[in-house]
Amino acid sequence: MAQQYNPQGINPQNIKKRQAVLVFIKSSTAPLVLYVKDAQALYSDLLEKMTLNQPVLIEQETEGPLKKVSFVSNQIAAVAIQEEQYM
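From a predicted model like this one, the values you see are computed outputs, not experimental measurements.

1. Some words on the pairing of strand β1 (residues 16–25)
Both β1 and strand β5 (residues 76–86) contribute to a ladder of 10 bridges, which runs antiparallel. Bridge pairing in β5 places A20 opposite Q82. Connecting the antiparallel pair β1 and strand β2 (residues 32–34) is a turn made up of six residues, with S27 showing a positive phi of about 65 degrees.

2. So, the nonpolar core
Ranked by size, the top nonpolar core spans 13 residues in total, and within it V21, V23, L42, L46, F71 and I76 carry the most contacts. Elements with a contribution of two residues or more to this core: β1, α1 (39–50), β4 (68–72) and β5. Filtering out sequence-adjacent residues up to four positions away, V23 remains in contact with P31, L32, L34, L46, F71, I76, A78 and V79.

3. As for the side chain of S73
Secondary-structure assignment places S73 in the loop between β4 and β5. Judged by its relative accessible area of 4%, S73 is buried. Non-local contacts of S73, meaning those with residues more than four positions away in its chain, are made with K49, M50, Q54, P55, V56 and I58.

4. Points about the side chain of T62
Looking at where T62 falls in the secondary structure, it is placed in the loop between β3 (57–61) and β4. Beyond its immediate stretch of four places on either side in the chain, T62 contacts L34, Y35, V36 and K67.

5. Topic: the sheet that holds β5
Hydrogen bonds along the backbone pair up the strands of a sheet, which may run parallel or antiparallel. Strand order across the open sheet formed by three strands is β2-β1-β5, with antiparallel pairing between neighbours. Every interior strand has two partners, whereas the edge strands, β2 and β5, have only one. In this sheet, neighbouring strand axes are inclined to one another by 25 degrees on average, regardless of whether the strands run parallel or antiparallel. Strands in contact with α1 are β1, β2 and β5; relative to β5, the strand with the most contacts, it is inclined by about 170 degrees.

6. Topic: the pattern of salt bridges
Under the defined criterion, the tally for this structure stands at four salt bridges. For D45, the salt bridge is made with K49, and the minimal N-O distance between the two is 3.3 Å. Placement of both D45 and K49 in helix α1 is noted, with a separation of four residues, approximately one turn of the helix. With relative accessibility at 21%, the residue K49 sits in the partly exposed group. Among the salt bridges present, the one from K68 reaches E61, with a minimum N-O distance of 3.9 Å. Given the relative accessible area of 55%, E61 is considered exposed.

7. Some remarks on the packing of aromatic side chains
Under the counting rule described, the total for this entry stands at zero aromatic pairs. In this arrangement the basic side chain of R18 is found over the ring face of Y86, its NZ or CZ atom lying 4.7 Å from the centre.

About the criteria used
- Residues numbered from 1 in each chain as written.
- Predicted model: local features only at pLDDT ≥ 70, side-chain atom pairs only at ≥ 80, totals over all residues.
- Heavy atoms only, no water.
- Pairing = 2+ DSSP bridges.
- Helix = DSSP H or I, 4+ residues; strand = E, 2+ residues; numbered from the N terminus.
- Core = buried A, V, L, I, M, F, W, Y, C linked by side-chain atoms within 4.5 Å.
- Buried < 20%, exposed > 50% of the residue type's maximum accessible area, 1.4 Å probe, protein only.
- Contact = heavy atoms within 4.5 Å.
- Axes fitted to C-alpha atoms, helices over the stretch in contact; angles between N-to-C directions.
- Salt bridge = Lys/Arg side-chain N within 4 Å of Asp/Glu carboxyl O.
- Phe/Tyr/Trp six-rings, centres within 6.5 Å; stacked < 30°, edge-to-face > 60°.
- Lys NZ or Arg CZ within 6 Å of the ring centre and 35° of its normal.

Given below as structure tokens:
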């Protein structure tokens, strides 16, 4: 049986997965990457707020490098969930 190439001696059991919610703001080149405990719930909440007729201020605390972020719902162009591997 052939061995897989593992250049850094990384143990596959140490690799974990996490999800982030990406928020694409109109007229911005890079998305906001929000690490939260329940990515699916935040994604659904943002989708709901995007469909409101009146703009709503969204303020979110996160677990990543961004600790707290605010933006207005009518400035959201798109949202996505991204899955990442980390150690």
